[in-house]
Amino acid sequence: MLYHSIIIAAYALTAGVIAVQAPNYIKNIDPTTGYWAAGIFFLACALLHDFIMRHVERSRFQRDLLRMRGDLAVAETGLDRFENILGGLAGKDGNMDSFAAEMQMLRKLLKQLSAEQEPPEEEPEVILSAESEVGDSFDFGDEEAPAAPETENSEEQAAAAEGMPNDAEILEIVRSGLQENKVDLYLQPVVRLPQRRTLFYEAFSRIRGPKGEVITPGQYLKVAEGAGLIGTIDNLLLIRCVQLIRRVRQRNSEVGFFVNVSARTLRDTAFFKQFIEFLDQNNDLKDSLILEFAQEEVDKATETVKKGLETLAEMGFSFSMDRVQRLDMDFQQLGAANFRYLKVAAADLLPGGAGLPMNIHPDDLREALLRADIELIASMIEDEDTVIGLLDVEVGFGQGYLFGIPRPPQAEG
């Protein structure tokens, strides 16, 4: 404003000089004419100044508008990216309630990690699943099976040769892995026999150490159990699996996922309650998510756990029983509890094998399971001879290194 006032004052002063001095320079001019000339000069300068300033302001406004449009385009691009990220996490159906439930559960887990329990003096005995010790894989396609499948012993020998960390080091890796989000999801295919078409995957957890080393359940389960961290690992694995299922369902809605639930999670009332609440928020995944429990833990289930399983069954979730050590069960009762799959080591199903205690003839096992709406899955299959033997006893599904080596989800084709 001051700038414009100074310019106008300069114009007015110049016009005044013209009015006073015009008679001195132009002969026979009427003084009134000089004043008119000064007025016209002042008016012309004022109009010219206004025109120039309007042009300058218009140019400045256009520059600001272009800059604002550029900023808006950048902001819209950022919003689109953010929307795509959220859409990917929420799934094709855009279930943001489920995404919010995941974030809420993660916050709870982090709070519980900040108040870690001291390990007890005596560590409880832990029974590991065969699959947990052997390994897991992921494979959407029909890739070649490995020529020489690994074994549990070879894995342990390799770990020993490389200098496996001690319990204290493993516990530190587990704690830092949980806090730094280094718990990875690994999957192993479960195939239909004899076609060998992959219809399911079983999910397991692997924890990455600070140097990139991978800690397997066979290494960390006992230590994590003693430190009270198994429930956290179970819940994080469940979240990862739920996120993966949402992505997979966009192109294959038929594939199912087995998720192991440990004994500690079953016994820990707080964790099991969170587990049920989270699944309730993701009830739309009930056809793709199968919860797997060890036979021994189901047999030892408390009334609280039994009620929790009943709640999950009423929500529509189906169960699988693994680490089966006996088959003298009431299959009808098991099926009524929504157990739809039974995993038995292949060696226990083959003719001439050790076999398992049962109250029916082995030849009637498959028919008894089908009447209860339960599918039999043979686990720990590592060679073709085993497959041939399983086909003779009409086993419908198989799982093991023969059908897939351990792979994380990123390895999908």
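The structure presented is a predicted model; accordingly, all values stated were derived computationally and were not measured. (Residues numbered from 1 in each chain as written. Predicted model: local features only at pLDDT ≥ 70, side-chain atom pairs only at ≥ 80, totals over all residues. Heavy atoms only, no water.)

**A word on the overall build of the protein chain**
Then, in step 1: Counting its secondary structure elements, the protein chain contains 16 helices and 9 strands.
Then, in step 2: A total of 413 residues make up the protein chain; the buried ones form 42% of that total.
Then, in step 3: Here the protein chain displays about 22700 Å² of accessible surface, and carbon together with sulfur accounts for 54% of that area. (Helix = DSSP H or I, 4+ residues; strand = E, 2+ residues; numbered from the N terminus. Buried < 20%, exposed > 50% of the residue type's maximum accessible area, 1.4 Å probe, protein only. Areas by Shrake-Rupley, 256 points an atom, 1.4 Å probe, with all protein chains shown as cover.)

**Re the pattern of salt bridges**
Then, in step 1: This model, assessed by the stated rule, comprises 14 salt bridges.
Then, in step 2: With a shortest N-O distance of 2.5 Å, Arg 208 and Asp 184 are connected by a salt bridge. On the criterion of sequence distance, the pair formed by Arg 208 in strand S2 (residues 197–208) and Asp 184 in strand S1 (residues 183–192) is long-range, its members being 24 residues apart.
Then, in step 3: On the basis of relative accessible area, Asp 184 is assigned to the buried category, the value being 14%.
Then, in step 4: A salt bridge links Glu 292 to Lys 343; the nearest nitrogen and oxygen atoms lie 3.1 Å apart. Placement of Glu 292 in strand S5 (residues 289–294) and of Lys 343 in strand S7 (residues 339–345) is noted, with a sequence separation of 51 residues between them. The two residues Glu 292 and Lys 343 agree in class, both being buried.
Then, in step 5: Salt bridges here are not isolated pairs; linked through shared partners, they connect Glu 202, Glu 292 and Lys 343. (Salt bridge = Lys/Arg side-chain N within 4 Å of Asp/Glu carboxyl O.)

**Remarks on the packing of helix H10 (residues 269–281) against helix H12 (residues 303–314)**
Then, in step 1: Viewed as axis vectors pointing N to C, H10 and H12 meet at an angle of 5 degrees, and their least axial separation amounts to 11 Å. Considering their axes alone, H10 and H12 lie roughly parallel with respect to each other. Residues Phe 272, Ile 276 and Leu 279 of H10 touch H12, and the partners they reach there are Val 305, Gly 308, Leu 309, Thr 311 and Leu 312.
Then, in step 2: Along the lines of polarity and charge, the residues of the contact of H10 with H12 split into 6 nonpolar, 2 polar and no charged. (Axes fitted to C-alpha atoms, helices over the stretch in contact; angles between N-to-C directions. Parallel < 35°, antiparallel > 145°, perpendicular 65-115°, else oblique. Contact = heavy atoms within 4.5 Å. Nonpolar A, V, L, I, M, F, W, Y, C, P; charged D, E, K, R; others polar.)

**Side note on the pairing of S7**
Then, in step 1: Where burial is concerned, most of S7 is hidden: 6 out of the 7 residues are buried.
Then, in step 2: Sheet topology places strand S6 (residues 318–322) next to S7; 3 bridges connect them, and they run parallel. By the bridge assignment for S7, Ser 320 is matched with Tyr 341.
Then, in step 3: In the sheet, S7 pairs with strand S8 (residues 375–379) via 5 bridges, with the strands oriented parallel. Bridge assignment links Tyr 341 to a residue of S8, and that residue is Glu 375. (Pairing = 2+ DSSP bridges.)

**Structural notes on the side chain of Gln 188**
Then, in step 1: For Gln 188, the position within the fold is in strand S1.
Then, in step 2: A distance of 3.2 Å separates the side chain of Gln 188 from the side chain of Gln 399, its partner in a polar contact. (Polar contact = N/O pair within 3.5 Å; in protein donor to acceptor, adjacent residues only side chain to side chain.)

**Observations concerning the confidence of the model for the protein chain**
Then, in step 1: In the predicted model, the protein chain carries a mean pLDDT of 75, and the fraction of residues at 70 or more is 73%.
Then, in step 2: Note that residues 81–94 has pLDDT below 50 and, in this model, 15 contacts with residues that lie over four places away or in other chains. (pLDDT = per-residue confidence, 0-100.)

**A closer look at the UniProt feature "transmembrane region" (unreviewed entry) in the protein chain**
Then, in step 1: On the UniProt side, "transmembrane region" (unreviewed entry) is annotated at positions that read residues 35–53 here.
Then, in step 2: Across residues 35–53, helical content stands at 100% and strand content at 0%; the span's end C-alpha atoms are separated by 27 Å. (UniProt positions renumbered as here; feature names shortened; annotations may be inferred.)

**Here's the deal with the packing of helix H8 (residues 230–249) against H10**
Then, in step 1: Orientation of H8 relative to H10, taken along the N-to-C sense of each, is 10 degrees, at an axis distance of 10 Å. Of the possible angle classes, the one that applies to H8 and H10 is roughly parallel. Residues Gly 231, Thr 232, Asn 235, Leu 238, Ile 239 and Val 242 of H8 lie in contact with H10, whose contacting residues are Phe 271, Phe 275, Phe 278 and Leu 279.
Then, in step 2: Split into classes, the residues belonging to the contact of H8 with H10 amount to 7 nonpolar, 3 polar and no charged.

**Description of helix H7 (residues 217–226)**
Then, in step 1: Among the 10 residues in H7, 8 count as buried, and that is most of the element.
Then, in step 2: Of all the residues in H7, the buried ones are Pro 217, Gln 219, Tyr 220, Leu 221, Val 223, Ala 224, Glu 225 and Gly 226.

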